[in-house]
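Here's the letter readout for the chains.
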Amino acid sequence: MSGIIISVFLLAAYLSFGRKLYYLIGLKKITGLVYPASFALAMGFAGTFMVVAGFLKLYNQYTAYLLVVLMCVVSYKEIKEIYSEIREAVSGLGHKDPASSMAIAAALVWCIYLFLTALTPPIYYDSLTYHLGTASQYIALGGIKDIPGNIFSYFPQIITMNYLLCLLLSGAGCAKVFQFYTAVMAIISVYGITRQYNGSSFISAVLLLTSPLFVLNSTRAGVEVPVMFFSMLLLLFVMMKSEEMLNLSDNIFIGLILGLAISAKYTAVIIYAFFLIYLVYKFVKKKEPLAGLFAAGIIPVLVMSPYLIKNLVYTGNPVYPFLSGLFRGNPLLASEAAAYVSHVSGFGPGMNMIEFIKSPWTMTINPMLFGGDAVAGLMLVTIALILTGAAKRVK
């Protein structure tokens, strides 16, 4: 029970402090955006705080509790604001149409099921050896130190740092509940995207909430759901701003979220590339300020810099275990990197743009290339509907 209470306080701290950061950046309060955006910004702050605490060898419960308490104290005004919004939302539930009411009821039932699932002990291989395993090793060491032989300790760790905070607060159960919170924020983002398309928002949220692959990853510690969340949040943001000129605050926000995505998983550089192309288009086509494009391009590197610097110090390669052929370093580390890259090269859609475009089809007919998690054929129908909706929106 104490773990659940701590998890609720952690959620309050993230939403309130994240909202304070949201306002400090200079963003306007937009319904449907402020909650997931606040949660994401708090993830970035807490993760960066914990990595700095790790460098200072301050991994203990006092550091974790002090961080959460201070986040709540400095954002007391935002906590009152959120409380008022929740009361207003609850009072308005009785005025929904029957279809929306049924969708809300289904979503609540399924969320309760996922929450209870999140309370079970972690058994997922990646969670035990990587996401929670590396964090546990850092806690045992009292801070961030080189861990030779653990190749996962050299990956980007913004999500691992959030899990580490959860482990210090209340153990692995808190980390899994945190993953559940991230999944809820992803659902809210998809809900918002559907509203931008004038679609059935509640239905889209329920469809995502009941997707087997999404459900599997929603309650096990990993980076897949966080990266998906950051992607959907960015998509929602640029859709909301599509008819406007992006100001500096907008570009700072985009840069921060792109930085979080890359700091969660190396392959999120694909997301960075796509959004940067979009921003270049906005700069060329709509004559938007160069400063905004520069901010969105440079900030992600700054967000990821602690992990790049750590790798450079420990291995001589800032993006270890990748591109090891370009950097001179320890021959043993280079050998381990080559073995790992050879292993993972057999997964995924391939290494060229054509294979990337075909990846939804490949993922559906050959799920073993993506770790064996089954993907329903309805995903292809969903993509077709999205493209159709986009075409109508352009017209």
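Here, the structure is the one placed above.
Residues numbered from 1 in each chain as written. Predicted model: local features only at pLDDT ≥ 70, side-chain atom pairs only at ≥ 80, totals over all residues. Heavy atoms only, no water.

Caption draft 1: Fine view of the pattern of salt bridges. Within this structure, the stated rule accounts for eight salt bridges. With a shortest N-O distance of 3.7 Å, Lys241 and Glu244 are connected by a salt bridge. You can call Glu244 partly exposed: its relative accessible area is 40%. Between Lys241 and Asp250 there is a salt bridge whose closest N-O contact spans 3.5 Å. Given the relative accessible area of 2%, Asp250 is considered buried. Shared partners join several salt bridges into a network, and the residues in it are Arg19, Lys29, Glu81 and Glu85. (Salt bridge = Lys/Arg side-chain N within 4 Å of Asp/Glu carboxyl O. Buried < 20%, exposed > 50% of the residue type's maximum accessible area, 1.4 Å probe, protein only.)

Caption draft 2: A look at helix H4 (residues 76–91). A rise of 1.5 Å per residue sets the reference length of H4, with its 16 residues, at 22 Å; its end C-alpha atoms lie 23 Å apart and thus fit the reference within 8%. Burial in H4 covers these residues: Glu78, Ile82 and Glu85. When H4 is viewed along its axis, its buried side chains cluster within an angular range of 60° and face the same direction. What points out from H4, more than 90 degrees from its buried face, is the exposed set Tyr76, Lys77, Tyr83, Arg87, Glu88, Val90 and Ser91. (Helix = DSSP H or I, 4+ residues; strand = E, 2+ residues; numbered from the N terminus. Expected span 1.5 Å × (residues − 1). Arc of directions from axis to C-beta.)

Caption draft 3: Inspection of the packing of helix H13 (residues 269–286) against helix H14 (residues 290–315) at higher detail. Orientation of H13 relative to H14, taken along the N-to-C sense of each, is 170°, at an axis distance of 9 Å. Taken together, the axes of H13 and H14 are roughly antiparallel relative to one another. Residues Tyr272, Leu276, Leu279, Val280 and Phe283 of H13 form the contact with H14, whose participating residues are Leu290, Leu293, Ala296, Gly297 and Pro300. By residue class, the composition of the contact of H13 with H14 is nine nonpolar, one polar and no charged. (Axes fitted to C-alpha atoms, helices over the stretch in contact; angles between N-to-C directions. Parallel < 35°, antiparallel > 145°, perpendicular 65-115°, else oblique. Contact = heavy atoms within 4.5 Å. Nonpolar A, V, L, I, M, F, W, Y, C, P; charged D, E, K, R; others polar.)

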